[in-house]
Amino acid sequence: MGMLEKRRTAAVHRAPFWQRLLHQWDLQILVIPSILFILLFAYVPMYGIVMAFQEFRLGDFPGASQWVGLKQFAALMKDPNFGRVLRNTVVISLLKLAINFPIPIIFALFVNELRHERFKRISQTISYLPHFISWVVAARLMFDFFSSDGGAVNQVLVGLGLLDAPIPFFNRGEYYWALAVFTDVWKEMGWNSIIFIAAIASVDIQMYEAAEIDGASRVQKLWYITLAAIRPTIILLLIFTVGGLLNANFDQSMMLTNQMGNKLLQEYADIIDTYVYRVGISQARFSYAAAAGVFKAVINFALLMGANMLADRLGESALF
Amino acid sequence: MRSRKTFGDVMLVTLVWLSMIIMIVFTLYPFLNSLAISLNNADDTTRGGVTIYPRVFTLRNYQTIFANQKVYSAYLITIMRTVLGTISGLFFTSTLAFGLSHKSLYGRKYYTMLCLIPMYFSGGLIPTYFLIRQLGLTNSFWVYVIPNLVNLWNMLLMRTYFANTPDALEESARIDGASYLRIFFQIILPISTPITATIALYIGVFHWNSWFDAAMYVNDQALKPMQSVLMSIINESRFAEQIAATAAGASLDVSNIARSNQTNVRSITMATMIVTILPIVMMYPFIQRYFIKGIMIGSIKG
């Protein structure tokens, strides 16, 4: 760097912010349009949260309605529908945390144990496939799979003598939570395993060789080396999952219930996101629905921070 | 040197193979079954028992759906939103990622903060709905494209990739007096095909599969994408199934009509569904390595 250039840079460092931006216009211009889009589509809705503390009526300019304090939240707490919705959300999320979170890890460990390269590749390819179709399609596939009129699941269960008569799974509310768990495993197990497979692939091969010399069995190597190596990845994803505990998958709930048209399932399938949609958009109770949305976002954020802090305290890899 | 095979090892191998085979059957059966039904004669399907191959082969179901003008226009909308959405999304996501990958960017700390917060906290559905309304994007094709220009998760993946490209290339171009714009579009972008391909595919699949924005913001039937058409057909078929169920106890004739009607709807649904997922399933074996690459890049950071 020449003397002149150096002096110029030093001068720029002391200059006001806007002059520095101007000096670097060719880099800034790559960033600023996208930043403006983010401000518009992510931050303006955050400002729109004030609706939850107001009584919005159609025709009001958003955010300029009458203030009502915590009225919407108080109503939310007393609403028996919201209690049910909260129950469904938490139950579905906890079931998924207990079942759908570990399954991709187990799947990744299994894939790693396959020594037949071709079969390994084919299994992986097939397992990712359902991730790439929409829940619109996935739900329709599952309706047929579980149909009581010639659906494969019922036919096999009846054929094996496990059932006396086919069960119309999608017309019985009490099966919904199990269906939510199963269909999510069906769709996302392979995809969610990729990150663990990647983590396993980066394990130093010498660790396995050393263990072999010590006479470790395959099961021991899997437990003490592979699983230990992917522990930070597991913790990181666990933090994310806990931080999304009140999400419970909008698309899935909507599609498995024909957009809540299947009243037999709604009792068990209605989650916070679908409730916000139904109450807010379909029934036009905007402020009330916005309050439910805020309730969800705040608790999710608190859970994320809590999980992150806990991981940090326990000496695990934290997000930040 | 091979380690000795314990009883546990043999059990493990058996368990692994068995699970994989079960997984493959569970994953593929619903797809193959739908494909078979879509290619099977509708009246024959009523008899039940169609598994993974068509019993009475026909292309009638496909002819029926392609005779429908609505399907064509919906398909066109889906293709248009996917192409436009991917190109524009890639543009705004990659430029932002490139900028943020430079330590010398003034205001980098603030920009990064601005990008991180919405990943963990959002205003939610209702405020977003009103924003879209105020912007006049309802009942417009652009509602599919504009709100999705920047995806922050994709941006982070790209930023990680750009941050790991060798600095030497860029430095020599800077010395020659090239602007960052030129460096990005003429030097960095052409050598970054692995990440641009990956992100393009993520965005493309997102657009292809999207249904919610169409349900939420668009009433105009002419602007509905394929997923919406599929949704309305599915709901009609559920309706038909309910008719069949209530008619089952009634006289045989009514029940037969209902059943036959149900299967026609079912055959049509399956054909529409196959048409909807076909481009993805056909491209899938060729593009899947890019998807996986994206996750690998992401996991380096983690």
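Each remark here, short or long, concerns the structure printed above.
Cut-offs and rules
- Residues numbered from 1 in each chain as written.
- Chains lettered and ligands numbered in written order.
- Predicted model: local features only at pLDDT ≥ 70, side-chain atom pairs only at ≥ 80, totals over all residues.
- Heavy atoms only, no water.
- Buried < 20%, exposed > 50% of the residue type's maximum accessible area, 1.4 Å probe, protein only.
- Helix = DSSP H or I, 4+ residues; strand = E, 2+ residues; numbered from the N terminus.
- Contact = heavy atoms within 4.5 Å.
- Core = buried A, V, L, I, M, F, W, Y, C linked by side-chain atoms within 4.5 Å.
- Buried area = accessible area lost by both parts, 1.4 Å probe.
- Salt bridge = Lys/Arg side-chain N within 4 Å of Asp/Glu carboxyl O.
- Polar contact = N/O pair within 3.5 Å; in protein donor to acceptor, adjacent residues only side chain to side chain.
- 1 Å grid on protein atoms, 1.4 Å probe; cavity = no way out; pocket = protein on both sides within 12 Å on 5 of 7 lines; lining within 4 Å.
- Points joined across faces, edges and corners; volume = space filled by probe spheres on them.

S.K.: I would appreciate a short explanation of helix α6 (residues 125-134) of chain B in the present structure.
M.R.: Residues three or four positions apart in an α-helix share a direction because the helix packs 3.6 residues into each turn. Looking only at α6 of chain B, the buried set comprises Ile-126, Pro-127, Tyr-129, Phe-130, Leu-131 and Ile-132 of chain B. As for α6 of chain B, its buried residues are in contact with α3 (25-47), α16 (272-282) and α17 (286-313) of chain A together with α11 (212-217) of chain B. Backbone geometry just downstream of α6 of chain B places Gly-136 of chain B in the positive-phi region, at approximately 70°.

S.K.: What is the right way to read the nonpolar core from this model?
M.R.: General note: in soluble globular proteins, nonpolar side chains tend to be found buried as a group. In this structure, Leu-96, Phe-98 and Tyr-144 of chain B are the most contacted members of the largest nonpolar core, which totals 181 residues. Take this core: its biggest share by element is 13 residues, from helix α13 (residues 252-301) of chain B. Here Leu-96 of chain B is in contact with Leu-30, Val-31, Ser-34, Ile-35 and Ile-38 of chain A together with Cys-115, Val-150 and Met-155 of chain B, once residues within four sequence places are set aside. Counting five residues, the second largest nonpolar core, distinct from the first, contains Val-203, Tyr-208, Ala-211 and Ile-225 of chain A.

S.K.: Which parts of the structure should I look at to understand the interface of chain A and chain B?
M.R.: The accessible area lost on association of the parts is a frequent measure of interface size. Between chain A and chain B, the contact holds 102 residues from the first and 101 residues from the second. When the two sides are added together, the surface that chain A and chain B hide from each other amounts to roughly 8900 Å², 77% of it contributed by carbon and sulfur. Area buried by chain A at its contact with chain B is led by Leu-30, Phe-132 and Arg-140 of chain A, which between them contribute 8% of it. In this assembly, chain A and chain B are joined by two salt bridges. For the salt bridge of Arg-174 of chain B with Asp-26 of chain A, the shortest nitrogen-to-oxygen distance reads 3.5 Å. At the boundary of chain A and chain B, one finds 19 residue pairs in polar contact (both at pLDDT 80 or more). Ranked by the residues each element gives to the side of chain A that touches chain B, the list is headed by α3 of chain A, at 21 residues.

S.K.: Would you explain empty space enclosed by the protein in this entry?
M.R.: Take a probe with the size of a water molecule and roll it over the atoms, and the empty space left behind shows itself. With the rule as written, the count across this model stands at one cavity of 30 Å³ or more. In this structure, the largest cavity occupies an estimated 40 Å³ of space. Lining the largest cavity, in full, are Val-136, Ala-139, Phe-143, Met-255, Asn-258 and Gln-259 of chain A together with Met-231, Ile-234 and Asn-235 of chain B. Of all the secondary structure elements, the ones that give two or more residues to the lining of the largest cavity are α8 (135-145) of chain A together with α12 (226-247) of chain B.

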